[in-house]
Structure formats: structure tokens, C-alpha cells
Amino acid sequence: MSAVTNMQTHPSYPELTRYLSKYPSSAGALFQTFNDITLAQKWTNVELVDLPNCQRAGIKGLRPSSDDGELPSTCIVLPCSLAESISTSYFSAAFTSLGESAPKQIYLAICAEDSSTVYYKISKGIVKPSI
């Protein structure tokens, strides 16, 4: 069975199909990240966000409380594959696509072929780290 057939039979496919067909080059990363966020990370209120300036969809959702007491917060994730080249202009395009509702940071989800996903927090502009 091919990866596309597996994707089409997965329960999350109907929710993702619009963006998987609209942005086929990022379909694998979107599919993998969406399922990681909803099934493994247990985010709630998850919805897809069109990011036309990035030629892909993002994922918006409510991240659960963390073990260190951080309260649940709404976050936006930008999925990409490990093989993609990204730059600061790419992140600028993501913030532009989000418009007025753009948060101060987004999360970049980098997906590898072995299904591992790593998340990086990307801030808009230069941000002083907390000490």
C-alpha cells in the first residue's frame, strides 16, 4: 500500500483533504504534524489555517498545560519537511499570511521521513531570552 493510499484511509484525511490537494508539496509534513499535534500532543480546538504566502496550511490549536505549570495557550504551527530550505523571508511570509491575528511567535514543525517531528519556537523580530 502506498503512502498516499495510507493517508487517504486515515481518519484525519477528510479534515485535511482540502489543503493536502491545494499544497501537495507540503502534504506529508501537514499530515504528519496534524496527527502528532492531535493524537500524541493532545491539542484541542485544532483548526487549519491557510498560509498562501508560504504555499501551505498551518495548524492553530490550544496546547495543553505543561508539566512546569504553563497554562494552555493558543499556538500556530508551520509544518515543513526536513528536506525543505527555509529562510527568514519564509517566516516573514508566514507572519504576513496570518495578518492582524499573527501571534508574537509561531512554531516550526520539522518532519523527518521516519515520522519524528521537532518543534522550534520562532519569534517575530529579535526577542530577548528570559533569564
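Conventions used here
- Residues numbered from 1 in each chain as written.
- Predicted model: local features only at pLDDT ≥ 70, side-chain atom pairs only at ≥ 80, totals over all residues.
- Heavy atoms only, no water.
- UniProt positions renumbered as here; feature names shortened; annotations may be inferred.
- Helix = DSSP H or I, 4+ residues; strand = E, 2+ residues; numbered from the N terminus.
- Pairing = 2+ DSSP bridges.
- Right-handed = clockwise from strand over helix to strand, strands pointing away.
- Salt bridge = Lys/Arg side-chain N within 4 Å of Asp/Glu carboxyl O.
- Buried < 20%, exposed > 50% of the residue type's maximum accessible area, 1.4 Å probe, protein only.
- Axes fitted to C-alpha atoms, helices over the stretch in contact; angles between N-to-C directions.
- Parallel < 35°, antiparallel > 145°, perpendicular 65-115°, else oblique.
- Left-handed = near helix turned anticlockwise from the far one by under 90°.
- Contact = heavy atoms within 4.5 Å.
- Core = buried A, V, L, I, M, F, W, Y, C linked by side-chain atoms within 4.5 Å.

Looking at an unreviewed UniProt entry, one finds the chain named tRNA-splicing endonuclease subunit Sen15 domain-containing protein, with Pisolithus tinctorius Marx 270 as its source organism. The UniProt entry for the chain carries the following comment under Sequence similarities (unreviewed entry): "Belongs to the SEN15 family."

Draft legend 1. Region of the structure containing the UniProt feature "domain: tRNA-splicing endonuclease subunit Sen15" (unreviewed entry) in the chain. Within this numbering scheme, the UniProt entry marks residues 32-130 as carrying the feature "domain: tRNA-splicing endonuclease subunit Sen15" (unreviewed entry). Within the segment residues 32-130, helix and strand shares are 20% and 39% respectively, and the terminal C-alpha atoms sit 31 Å apart.

Draft legend 2. Fine view of the pairing of strand β3 (residues 73-81). Across five bridges, the pairing between strand β2 (residues 56-63) and β3 is antiparallel. In the sheet register, Gly61 faces β3, and the bridge partner there is Cys75. Alignment of β3 against strand β4 (residues 105-111), held across five bridges, turns out to be parallel. Counted as the bridge partner of Ser81 is Cys111 from β4. Between the parallel elements β3 and β4, the chain passes through helix α4 (residues 88-98) in a crossover that is right-handed.

Draft legend 3. Structural detail: the pattern of salt bridges. Taken as a whole and assessed by the stated rule, the structure comprises two salt bridges. In this structure, the salt-bridge partner of Asp50 is Lys22, at a minimum N-O distance of 2.6 Å. Taken together, the residues Asp50 in strand β1 (residues 44-51) and Lys22 in helix α2 (residues 13-22) connect sequence positions 28 residues apart. With a relative accessible area of 40%, Lys22 lands in the partly exposed category. A salt bridge links Arg56 to Glu84, with the shortest nitrogen-to-oxygen separation between them at 2.5 Å. Residue Arg56 is located in strand β2, and its partner Glu84 is located in the loop between β3 and α4; the two are separated by 28 residues in the primary sequence. A residue is classified by how much of its surface remains accessible, and Arg56, at 4% relative accessible area, is buried.

Draft legend 4. Layout of the packing of α2 against helix α3 (residues 27-40). It is the contact of α2 with α3, at a shortest axis distance of 9 Å, that shows an interaxial angle of 155°. As far as their axial angle goes, α3 and α2 are roughly antiparallel. Crossing angle aside, the handedness with which α2 passes α3 is right-handed. Contacts between α2 and α3 involve Glu15, Leu16, Tyr19 and Leu20 on the former and, on the latter, Ala27, Leu30, Phe31 and Phe34.

Draft legend 5. Fine view of the nonpolar core. With 19 residues, the main nonpolar core has Leu16, Leu20, Leu30, Leu48, Ile59 and Val77 as its most contacted residues. Only α2, α3, β1, β2, β3 and β4 provide two or more residues apiece to this core. If one sorts the elements of this core by residue count, α3 sits on top with five residues. Setting aside its immediate chain neighbours within four residues, Leu20 contacts Met7, Tyr13, Ala27, Leu30 and Phe31. The next biggest cluster of nonpolar side chains, apart from the first, holds 16 residues, and it includes Val49, Leu51, Ile76 and Ile122.

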